[in-house]
Amino acid sequence: LLRPVDVSGVTVSRASLHNYDYVQEKDIRKGDWVKVARAGDVIPEVLESIKEKRTGDEETFEMPDECPVCGSTVVEDGAYYRCSGGLSCPMQLKRSIGHFGSKDALDIEGLGEQTVSLLVEEGLVERVSDLYQLGKDDLTGLPRFADTSAENLIQAIQESMEQPLDRVIYALGIPHVGRHMARVLAEHYGSMDALMAASEAELRDINEIGPEIAHSVVDFFSEERNREEIERLRSHGVTMEYEAATGALDGLTFVFTGALENYTRGEVKELVEREGGRVASGVSKKVDYVVVGADPGSKLDRARELDVDVIDEATFEELLS
């Protein structure tokens, strides 16, 4: 945070210091005078501190060993440092709840940013698992909540307990574990207990999982607070076992190229996986169908080279039905 200064016609009052190593390398201290520029004429950047202006009252920043809010260990994650408290850290709580209920996670309709803030600020939710203890009476009377909206949110929360294990793993917010990787882990281990017991070496033996993801998963589950929160979720009935999807596309692998008329790329991927299929990023002989939309790219040529079946969107929908 800077005392406001005009830089090329724009008032700048904050600038990124990128990471702890950058702060140390530049020897930037609280109270310093600094030189500021706009990188690429856009992004405010601290170039250097002006050491001759120091009075001796400046403070050197040191990364804490523990999160100042929840007391969890601060861990180094590449160029960054983060609190390892995960779901139990109050300062991460709002983001954790928002992610937990997001469309790609447990898809809790009505749990938007404003609602999350309200629930936390009213003291109704102190951890993610508290969502499953909410009742209609807790919500009615709060701003923006009438009987119907309260009932709808409670129903959406209860229905989220039936979401599959891969979505639950993604909802936990494990660093580096996105939607696809959560599905890989769920399919391989089959249960939350098996995943929590996995070692880094075991994880690295799985196709697509490298050392960074393996370390992140083991580190997340090594935190007792995270394990306790998972047990609370289990006690409320949240899914902890994986059931392999079966459906119209069971066992089939698809590649999509070009713009589809009725689906976004994210929607069609979700649809294929829900019906037991898989979406690959590249064309190989292991692909069953290449689905072609408007203005297809080089994947169509590759499919023809490998003699992979090429279908249009209408044929894809026939497979679904």
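What you see is a predicted model, and the numbers here were worked out from it, not measured in a lab.

Q: Sorry if this is basic, but what is going on with the packing of helix α2 (residues 90-100) against helix α3 (residues 113-121) here?
A: The description of two helices packed together rests on the angle between their axes and the distance between the axes. Packing of α2 against α3 leaves a shortest axis separation of 10 Å and a crossing angle of 135 degrees. With respect to each other, α2 and α3 are oriented oblique. The element α2 and its partner α3 pack so that their crossing is right-handed. Each of Leu-93, Lys-94, Ile-97 and Gly-98 in α2 lies in contact with α3, whose residues at this interface are Val-116, Ser-117, Val-120 and Glu-121. Residues of the contact of α2 with α3, tallied by class, amount to 4 nonpolar, 2 polar and 2 charged.

Q: Which parts of the structure should I look at to understand the environment of Lys-94?
A: Take Lys-94: it is sitting in helix α2. Given the relative accessible area of 34%, Lys-94 is considered partly exposed. If sequence neighbours within four positions are ignored, Lys-94 has contacts with Val-116, Ser-117, Val-120 and Glu-121. Looking at Lys-94, its side chain comes within polar contact range of the side chain of Glu-121, at 2.9 Å.

Q: Can you help me understand unusual backbone geometry in this one?
A: Negative phi is the rule for most residues except glycine; trans is the rule for most peptide bonds. If you check the backbone angles, Asp-107 has positive phi at about 50 degrees while not being a glycine. The exposure class assigned to Asp-107 is partly exposed, which follows from its relative accessible area of 35%.

Quick notes on the rules
Residues numbered from 1 in each chain as written. Predicted model: local features only at pLDDT ≥ 70, side-chain atom pairs only at ≥ 80, totals over all residues. Heavy atoms only, no water. Axes fitted to C-alpha atoms, helices over the stretch in contact; angles between N-to-C directions. Helix = DSSP H or I, 4+ residues; strand = E, 2+ residues; numbered from the N terminus. Parallel < 35°, antiparallel > 145°, perpendicular 65-115°, else oblique. Left-handed = near helix turned anticlockwise from the far one by under 90°. Contact = heavy atoms within 4.5 Å. Nonpolar A, V, L, I, M, F, W, Y, C, P; charged D, E, K, R; others polar. Buried < 20%, exposed > 50% of the residue type's maximum accessible area, 1.4 Å probe, protein only. Polar contact = N/O pair within 3.5 Å; in protein donor to acceptor, adjacent residues only side chain to side chain.

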